[in-house]
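# Per-entry structural report
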Amino acid sequence: MKKRDDVLVGLVMAVAIGVAIIGSLWLARGGLSKGYPLYAKFPWNSGLKQGQPVLLAGVNVGYVDEVELRQDGTVLTTFRVGDEYKVPQGTVATVVPNGIFGDMAIALTPRAPNRNSIPPNDTVPVGPSAPGIAQITGKADSIATSVNAITSAFEGQLVDDGGARDLRRALATSNALMINMNRLVSQFAAIAAEQNRQLTATQASFRQATSGIDSAKIDSTLRNMRETSANLATLSADFRQTSARLDSLIVKINQGTGTVGMALNDPGAYNDLRAVLHRMDSLLADVKRDPRRYINLKVF
Amino acid sequence: MKRSIAGSLSRIGERGYFLRDIGRGLKDPKTYGVETIRQMRNIGVDSLPLTIIVAAFIGAVTAFQTRYQLFGGVQLSVVGLISRQSIVLELGPLLTGLVLTGRVGARITAELGTMRVTEQIDALETLAYDPVAYLIVPRLIAAIIMLPILVIFANAIGVGTAFLTAVVATDVTGAAFSEGLRLAFAPFQIVYSLIKATLFGAAIAFFCSYEGFTTTAGAEGVGRSTAQAVVITSVAILVLDALTALLLAPYLQA
């Protein structure tokens with residue numbers, strides 16, 4: 001009996017201790033395997049703690065093993081990745097919120113598929129961190145503060161500095177202006193009605209005047225005008241023909257063909273004409289000087 | 001009023017003397033060594049089925065209740081997180097302690113009370129045996145050792161049934177529950193649970209042994225002592241639970 005008690009108690013204790021150890025390891029690391037270490041330097045206030053998950057492209061592949069605070073403003077984070085997972089070269093590590101309770105995780109984001117993987121004990125470059133719940137809350141808080149300040153300023157302007165009173169006064173003035181405009185519009189409408197009436201009367205008079213014109217005379221006049229127009233067209237055609245003939249004549253003269261052209265364009269003829277004129281000049285002078293030499297007029 | 005205060009102080013003092021006698025009894029391992037194994041069997045191994053049943057129901061109900069208290073939009077992995085924290089930090093140790101108060105504590109009080117009223121303890125004293133070293137110390141050691149062992153089982157079974165209930169009876173997936181189960185886990189949370197279990201085991205053994213050891217007035221006294229022991233131990237467990245939380249809860253964050 002005593003021996004059986006020992007065995008039973010020992011068995012129960014051994015199983016319990018095993019359950020406690022394996023359970024704790026499973027909860028903390030996801031299993032007995034430790035995986036291989038990688039490092040990343042995150043800025044202070046990243047919110048990382050031991051045991052937080054490591055996600056590779058959204059898949060849980062490891063956990064944060066150690067967080068070391070450094071004086072250069074960074075936190076050296078050692079995280080372990082399961083042996084079955086390879087982190088591609090070019091992967092960037094960022095700290096991202098995990099759930100709604102402010103927990104954080106390391107997100108490993110590969111830039112592109114790459115067969116080469118980051119070797120164990122290497123440092124993964126760090127990318128910009130996503131805003132956490134606390135940062136978002138802080139932003140919302142600052143926005144709320146700004147809105148509150150704007151509301152206060154608006155209230156001060158509107159209530160304390162008499163803005164509301166001015167606004168009421170402006171509204172009253174606008175109301176009076178609207179009444180005056182309404183009155184003006186009514187007057188315009190009356191004027192327009194009078195103008196309309198007069199225009200109608202003018203149109204009636206015009207219709208009456210036009211009804212008195214003899215349409216036969218108008219037709220005759222129009223017919224005469226049409227004939228005159230046709231004569232003018234014929235005349236114009238004759239002018240055009242004459243002009244063409246004159247053009248060809250001028251072209252012939254310019255080209256020096258024909259009698260007139262040769263006379264006008266031949267320098268010899270010109271010189272002869274000058275010589276003739278010169279001689280006629282001297283002849284006339286001679287006649288004036290001694291007319292009897294040339295004119296022997298005897299009456300008796 | 002003065003008499004009442006004096007009576008309370010007297011009762012505290014008597015328990016102080018009893019604690020001193022236990023300390024003296026610890027110096028005599030030959031007397032309590034063999035008996036301790038037997039008590040570990042009685043207190044620990046024989047209580048295992050009851051502990052497992054209680055833990056299984058606690059886990060199932062916790063997961064189920066947690067799932068249906070979540071408002072829309074909350075990720076379902078929270079069910080795993082809340083189930084783990086509720087069972088490991090609170091319900092596992094506390095309910096195991098209270099259940100064992102009824103099963104083990106009442107038995108200790110009844111055994112020792114009966115031995116007292118039938119003068120078996122007096123006979124041990126006559127035979128130059130230290131009754132505290134022979135009867136109380138083995139029970140105390142056995143309870144201090146076996147309560148954490150039972151709580152480990154209770155936690156594991158509780159979390160396991162919570163997982164099964166969440167996956168089978170609700171829309172929580174196994175992966176989501178496991179993710180929540182691992183979220184913000186710190187090994188100290190297990191240690192915290194075991195510290196509580198150790199304190200509860202010591203309280204069960206100490207208060208129930210004292211009530212049984214000081215039983216008077218025959219069979220009626222045994223019944224009265226047993227009832228009183230269960231009440232005092234239950235209150236003591238709740239007080240210790242609150243004190244532990246006050247002192248150690250700040251260190252629980254991952």
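Residues numbered from 1 in each chain as written. Chains lettered and ligands numbered in written order. Predicted model: local features only at pLDDT ≥ 70, side-chain atom pairs only at ≥ 80, totals over all residues.

Let us look at the overall build of chain A. Regarding its fold elements, chain A presents 6 helices and 6 strands. Listing each helix as α and each strand as β along chain A from the N terminus yields α-β-β-β-β-β-β-α-α-α-α-α. Counted over contacts in chain A with a minimum sequence separation of 6, partners at least 24 positions apart contribute 58%. (Helix = DSSP H or I, 4+ residues; strand = E, 2+ residues; numbered from the N terminus. Contact = placed C-beta atoms within 7 Å.)

Quick look at the overall build of chain B now. Scanning chain B from N- to C-terminus turns up 9 helices and 0 strands. Ordered by position from N to C terminus, the α and β elements of chain B give α-α-α-α-α-α-α-α-α. For chain B, with 254 residues in total, the buried portion stands at 46%. Taking contacts inside chain B between residues at least 6 apart in sequence as the whole, the part at least 24 apart equals 89%. (Buried ≥ 20, exposed ≤ 12 C-beta atoms within 10 Å, placed from the backbone.)

Core analysis: the largest hydrophobic core is formed by 75 residues, its most contacted members being B:Leu140, B:Ala143, B:Met146, B:Leu147, B:Ile204, B:Ala205 and B:Phe207. Looking at this core, the elements with two or more residues in it are helix 1 (2-29) of chain A together with helix 2 (29-43), helix 3 (48-69), helix 4 (77-117), helix 6 (131-169), helix 7 (174-182), helix 8 (188-213) and helix 9 (218-248) of chain B. When residues in this core are grouped by element, the largest group, 24 residues, is from helix 6 of chain B. Residues A:Val61, A:Ala93, A:Val95 and A:Val124 belong to the second largest nonpolar core, which totals 20 residues. (Core = buried A, V, L, I, M, F, W, Y, C linked by C-beta atoms within 7 Å.)

With that out of the way, let us pick up the interface of chain B and chain A. Counting residues at the interface gives 23 residues for chain B and 19 residues for chain A. Elements with a minimum of two residues in the side of chain B that touches chain A: helix 2, helix 6 and helix 7 of chain B.

All right, on to the packing of helix 4 of chain B against helix 8 of chain B then. Pairs of packed helices are described in terms of their axes, by the angle between the two and the distance that separates them. All names here are of chain B. For the pair helix 4 and helix 8, the least separation of the axes is 8 Å and the interaxial angle reads 20°. One way to sum up the angle between helix 4 and helix 8 is to call them roughly parallel. Judged by the twist between their axes, the crossing of helix 4 over helix 8 is right-handed. (Axes fitted to C-alpha atoms, helices over the stretch in contact; angles between N-to-C directions. Parallel < 35°, antiparallel > 145°, perpendicular 65-115°, else oblique. Left-handed = near helix turned anticlockwise from the far one by under 90°.)

A few words now on the sheet that holds strand 2 (residues 53-56) of chain A. Residue and element names in this part refer to chain A. Across the sheet, 6 strands lie side by side as 1-4-3-2-6-5; this open sheet has mixed pairing. Unpaired on one side and paired on the other, strand 1 (36-43) and strand 5 (92-98) mark the two borders of the sheet. Between one strand axis and the next, the sheet turns through 35° on average, direction left out of account. Here 4 bridges tie strand 2 to strand 3 (residues 59-69), and the two strands are oriented antiparallel to one another. When the bridges of strand 3 are listed, Pro-53 appears paired with Tyr-63. (Pairing = 2+ DSSP bridges.)

Turning our eyes to something else, we now look at helix 4 of chain B. The terminal C-alpha atoms of helix 4 of chain B lie 56 Å apart, and with 41 residues this matches the ideal 60 Å at 1.5 Å per residue to within 8%. Largest kink in helix 4 of chain B: about 50°, centred on B:Ile87. (Expected span 1.5 Å × (residues − 1). Bend = angle between axes of the 7 residues up to and from the residue.)

With that settled, consider helix 6 (residues 267-289) of chain A. End to end, helix 6 of chain A covers 32 Å across 23 residues, agreeing with the expected 33 Å (1.5 Å per residue, within 8%). Of all 23 residues that make up helix 6 of chain A, 0 are buried, and the element is exposed over most of its length.

Glancing now at unusual backbone geometry. Residue and element names in this part refer to chain A. Located in the positive-phi region is Ala-57, a residue other than glycine, with phi close to 50°. The residue Ala-57 is located in the loop between strand 2 and strand 3 in this model. Its identity as a non-glycine residue notwithstanding, Asn-121 has a phi of 70°, on the positive side. With respect to the helices and strands, Asn-121 occurs in the loop between strand 6 (103-109) and helix 2 (133-160). What makes Asn-121 exposed here is the crowd of 10 C-beta atoms within 10 Å.

What follows covers the packing of helix 1 (residues 2-25) of chain B against helix 6 of chain B. Residue and element names in this part refer to chain B. Contact geometry of helix 1 with helix 6 gives a least axis separation of 9 Å together with a crossing angle of 95°. It follows from the interaxial angle that helix 1 and helix 6 lie roughly perpendicular. Within the contact between the two elements, helix 1 uses Asp-21, Ile-22 and Gly-25 and helix 6 uses Val-132, Ala-133, Ile-136, Val-137 and Leu-140. In terms of residue class, the contact of helix 1 with helix 6 is built from 6 nonpolar, 1 polar and 1 charged. (Nonpolar A, V, L, I, M, F, W, Y, C, P; charged D, E, K, R; others polar.)

All names here are of chain B. Of note, Ala-166 is situated in helix 6. The class for Ala-166 is buried, based on 28 C-beta atoms found within 10 Å. Sequence separation of Ala-166 and Phe-64 is 102 residues, and the distance between their C-alpha atoms is 6.4 Å. Dropping the residues within four chain positions of it, Ala-166 is found in contact with Ala-63, Arg-67, Val-79, Val-172 and Phe-177.

This part is about the environment of B:Asn42. Its place among the elements puts B:Asn42 in helix 2. Put simply, B:Asn42 and B:Arg107 are 65 residues apart on the chain and 9.9 Å apart in space, counted from C-alpha to C-alpha.

All right, on to the confidence of the model for chain B then. Confidence in the prediction of chain B, expressed as mean pLDDT, is 86, and 98% of residues score 70 or more. With a pTM of 0.59, the predicted complex shows an ipTM of 0.72. (pLDDT = per-residue confidence, 0-100.)

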